[in-house]
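Architecture at a glance
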Amino acid sequence: MTADERAGIQPDQPRTTPAGRSLRLTGLLLAALVALSPAAQAIEGTRITPGSGQKARGSVVSEVATLPVVRPEFPVPSDPGQVFYLQRSSNANTVVYAARFTQDGKLDPREPLVAYWRRFNTTGEQLPLKMIEDSFAFGVRSRATSDPDVFRIHIVSYSERPATLRLVEPGRAELLLPVGGRTMRMAYAYADVDESGLMPSVREVLVMGHDADSGKPLVERIEIE
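Computed from a prediction, not measured in an experiment: that's the story for all the values here.

On to the overall build of the protein. Counting secondary structure elements, the protein contains three helices and 13 strands. When contacts within the protein are restricted to residue pairs at least 6 apart in sequence, long-range pairs at least 24 apart make up 54% of them. As presented, the protein carries roughly 10800 Å² of accessible surface, and 52% of it is formed by carbon and sulfur atoms.

With respect to the helices, strands and loops of the structure, Leu113 is situated in strand β5 (residues 113–118). Excluding residues that lie within four positions of it along the chain, Leu113 makes contacts with Val83, Tyr97, Ala98, Ala99, Val140, Ile153 and Leu165.

Moving on to the pattern of salt bridges. The final tally for this structure, using the stated rule, is 14 salt bridges. Notably, a salt bridge pairs Asp79 with Arg118, separated by 2.9 Å at the nearest N-O pair. Of this pair, Asp79 sits in the loop between β2 (56–63) and β3 (82–88) while Arg118 sits in strand β5; the two residues are 39 residues apart in sequence, bridging distant segments of the chain. Judged by its relative accessible area of 12%, Asp79 is buried. On the basis of relative accessible area, Arg118 is assigned to the buried category, the value being 17%. For Glu220, the salt bridge identified is with Arg161, shortest N-O distance 2.9 Å.

In this structure the tally under the stated criterion is three aromatic pairs. Aromatic pair Phe84 and Tyr97: ring centres 5.9 Å apart, planes at 40°, arrangement tilted. On the criterion of sequence distance, the pair formed by Phe84 in strand β3 and Tyr97 in strand β4 (residues 94–99) is long-range, its members being 13 residues apart. For Tyr97, a relative accessible area of 3% puts it in the buried group. Here the aromatic rings of Tyr85 and Tyr188 are separated by 5.0 Å at their centres, their planes lie at 10°, and the arrangement is stacked. Remark: Tyr188 occurs in strand β11 (residues 182–194) and Tyr85 occurs in strand β3; sequence separation between them is 103 residues. The side chain of Arg119 reaches across the aromatic face of Trp117, ending 4.5 Å from its centre.

The next subject is the nonpolar core. Val83, Tyr97, Phe138, Leu165, Leu175, Met186 and Val207 are the most contacted members of the largest nonpolar core, which totals 35 residues. Apart from the residues lying within four places of it in its own chain, the contact partners of Leu175 are Val83, Phe84, Ile153, Ala163, Thr164, Leu165, Met184, Arg185 and Met186. Counting eight residues, the second largest nonpolar core, distinct from the first, contains Tyr188, Leu206, Met208 and Val219.

This paragraph deals with the confidence of the model for the protein. For the protein, per-residue confidence averages 80 on the pLDDT scale, and 72% of positions sit at 70 or higher. Within the protein, no element has a lower average pLDDT than helix α2 (residues 27–30), which sits at 42, and none a higher one than strand β9 (residues 163–169), at 98. In the model, residues 11–43 has pLDDT below 50 throughout and makes 114 contacts with residues more than four positions away in sequence or in other chains.

Moving on, we come to the environment of Val114. Relative to the elements of secondary structure, Val114 occurs in strand β5. For the pair formed by Val114 and Ala98, sequence separation is 16 residues and the distance between their alpha carbons is 5.5 Å. The residues touching Val114, leaving out its near neighbours within four places in the chain, are Val96, Tyr97, Ala98, Arg100 and Val140.

Next up on the list: the environment of Val202. Within the secondary structure, Val202 is located in strand β12 (residues 201–211). Taking the C-alpha atoms as reference points, Val202 and Ala191, eleven residues apart in sequence, are found 7.2 Å from one another.

Summarising the sheet, strand β7 (residues 140–144) and strand β8 (residues 150–155) pair through five bridges and their orientation is antiparallel. Opposite Ser142, over in β8, you have Ile153 as the bridge partner. Where β7 hands over to β8, the hairpin turn is made up of five residues, counted between the paired strands.

Reading the values: rules and limits
- Residues numbered from 1 in each chain as written.
- Predicted model: local features only at pLDDT ≥ 70, side-chain atom pairs only at ≥ 80, totals over all residues.
- Heavy atoms only, no water.
- Helix = DSSP H or I, 4+ residues; strand = E, 2+ residues; numbered from the N terminus.
- Contact = heavy atoms within 4.5 Å.
- Areas by Shrake-Rupley, 256 points an atom, 1.4 Å probe, with all protein chains shown as cover.
- Salt bridge = Lys/Arg side-chain N within 4 Å of Asp/Glu carboxyl O.
- Buried < 20%, exposed > 50% of the residue type's maximum accessible area, 1.4 Å probe, protein only.
- Phe/Tyr/Trp six-rings, centres within 6.5 Å; stacked < 30°, edge-to-face > 60°.
- Lys NZ or Arg CZ within 6 Å of the ring centre and 35° of its normal.
- Core = buried A, V, L, I, M, F, W, Y, C linked by side-chain atoms within 4.5 Å.
- pLDDT = per-residue confidence, 0-100.
- Pairing = 2+ DSSP bridges.

Here it is in structure tokens:
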């Protein structure tokens, strides 16, 4: 059963976008590859090596009635400054992306967005990304623009697809991503992994959010080959 079937997604007015770009160690995808042995847990999500042949075959953007909850048994983070989070099919451990602010509520120009773990598979504690995870998988990098309230953002392993971090009001920000000719206010993503073989492989990634103009819920399904 696919993640779409579990979530009950019925595409409405699908839009196909080109997505033939190579996913080197794509944060959204590597996040699905959870290390299962105690010895490997120090580099959770990094079992695919650089140069992996997996690629995005294509993506479809659909309007839905409500945002799907793919795994209702997984806890949902609600951290201060949170703009996005990433779940994987392997377990409940979640990567949270949160905006950082200065004392006057502006985006912190030194580090406007941070990524870290919520270890929901155990105690739910917040833990930093390990160096290899920050450098090759889930870490984020920012670039200032001429507007101090707007930063260009990308996940280190998927720099081909930048997003925009924008201050909405003091102490609150949103993360915007172009999808299928629209702009999505991102909420969360879910990576579905196939662990039946010798090496796990990603089947698809769902990116969920709302149309920045209309507010309608959107789901982008990225198929992987």
